[in-house]
Amino acid sequence: MSAEYLAQFYRNHEAVQPRGRNMYLPNFEKDLKAMQEFFGLEVTGKLDTNTVEVMKKPRCGVTDLARYGHFDGNPRWRQSVLTYRITEYTLKLSRSEVDATIAKAFKMYSDVIPLDFKQIYSGTADIMILFKAGYHGDREPFDGPGNVLAHASPPGPEIGGDTHFDEDEKWTLSQQGVNLLLVAAHEFGHALGLDHSKDRSALMFPNYQYVNTNGYKLPQDDRLGVQALYGVRRSTGKPEPKPEPNPDPGLSNAPEPCNPDLVFDAATRIWGELYYWKKRYYSGLSQHKISSLWPSIDSVDAAYTLNDETTAFLFKGQQYWGVIDGTILPGYPQPISNFGFFPSVKKIDAAVYVAYTDETLFFVGIKYWSYNGWTGILDFPKRIQDNFPGIGSRVDAAFENGGYLYFSNGAWQFEYDFRAKRVNRVLMNYGWLDCY
Ligand SMILES: [Zn+2]
Ligand SMILES: [Zn+2]
């Protein structure tokens, strides 16, 4: 069963080069390692007891892609009201129980994103729902009781968003059998554009795990994922008062870190911790609030650290500072012309050191420049859109973390795979902060 499991759920993981044949050649050990990594098991490439245990668990039928978060190309719905229709009901629950549970599962999403769901009873809905065993009209027939419980397609026309439940499961509203609310909410996550998550507390974790559904709300990881696609639902009622501009540049001007609209001026990693700058303040991303005023530098446009993560370079206008442990090094500020920038460059929007190529990228308007620290050569500027597809035309702040680059553009942020040259998922800046 293990080879089948890997072929079914890990076939997309870096398929080995086909040798003259246009088909996928399974690489058992490689696929097994990918699966072990996804589930946080010890990566042995061998079928140990823990690995087999995980494979036996009931689960969702959507493939575990090597990247969690969103589907390729970040598909999402563009309308503000989505319709759904249940064409075939389960015989294990009453129709009104199914209707109420499906509505409740959608409400977990409409509570946190500005999207509404409406049930219709005839015609074609955006999301078509059915309960059926075995073959049910698509290329992925169900497999009897256990194992695959349900599956759903990402947003799109035709089958996009459609959600199928295996009628061979014992659907319940309790802890017994398979809880319909939990599985439906997971599948609707796919139907809205969420891929599987490695976070065990997430609804989008691929294996079924019962949790008490009384007052159950969308877990944080899923909420951030879906808000990154659709934005945040503002509380209805009275509009929020606009903050008055404060002429006093004192503490009252500190930005609210948990505002979903949070924009970073600059961000980088120092001593393994992520920091961001906003106005005169900087803060560790894992901390609750903006903690400190940065000494003597008024505000920061861009920041980067080299591989050693100890010396930070901070940019403001046409000057930059070298800083270690919050102390400005002697001899600074220096002019950015040291790097070779033309005098027409008045400020740097963002900077990031890329260990993979050993170069520093500087973002200025719609262009970026790459600087090689060894040769001291600053390359001619190139258009951001041409070489970083999917991140937009401008970058406000950039940093590296866990081998990925993170590019902020307004309140949004793109997790970018430099080697594959593609966006893995969309985030919001404030999602890094511990705001819940
Ligand atoms: Zn799933
Ligand atoms: Zn199906």
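The following refers to the structure shown. (Residues numbered from 1 in each chain as written. Chains lettered and ligands numbered in written order. Predicted model: local features only at pLDDT ≥ 70, side-chain atom pairs only at ≥ 80, totals over all residues.)

1. A few points about the environment of Met204
And step 1. Within the element layout of this structure, Met204 appears in the loop between α5 (180–192) and α6 (220–230).
And step 2. The class for Met204 is buried, based on 24 C-beta atoms found within 10 Å.
And step 3. Along the chain, Met204 and His186 lie 18 residues apart, while their C-alpha atoms are 5.7 Å from each other.
And step 4. Those residues in contact with Met204 that sit more than four places away from it in its chain are His186, Gly189, Leu194, His196, Ser197 and Asp222. (Helix = DSSP H or I, 4+ residues; strand = E, 2+ residues; numbered from the N terminus. Buried ≥ 20, exposed ≤ 12 C-beta atoms within 10 Å, placed from the backbone. Contact = placed C-beta atoms within 7 Å.)

2. Brief notes about unusual backbone geometry
And step 1. With an omega of 5 degrees, the peptide bond running from Tyr332 to Pro333 counts as cis.
And step 2. Here Pro333 shows up in the loop between β15 (327–328) and β16 (334–335).
And step 3. Despite not being glycine, Asp358 shows a phi value in the positive range, around 55 degrees.
And step 4. With respect to the helices and strands, the residue Asp358 is situated in the loop between β17 (350–354) and β18 (359–364).
And step 5. By the C-beta count within 10 Å, which is 12 here, Asp358 ends up exposed.

3. Overview of the sheet that holds strand β3 (residues 127–132)
And step 1. Strand order across the open sheet formed by five strands is β2-β1-β3-β5-β4, with mixed pairing between neighbours. The sheet is open, and its two edges are formed by β2 (116–119) and β4 (150–152), each paired on a single side. Neighbour to neighbour, the strand axes of the sheet diverge by 20 degrees on average, direction disregarded.
And step 2. In this structure, strand β1 (residues 81–88) lies alongside β2, joined through four bridges in parallel fashion. Residue pairing for β2: Tyr84 is matched across the bridge by Gln119.
And step 3. Lying on the sheet, helix α4 (residues 95–110) is in contact with β1, β2 and β3; it crosses β2 at an angle near 165 degrees. (Pairing = 2+ DSSP bridges. Axes fitted to C-alpha atoms, helices over the stretch in contact; angles between N-to-C directions.)

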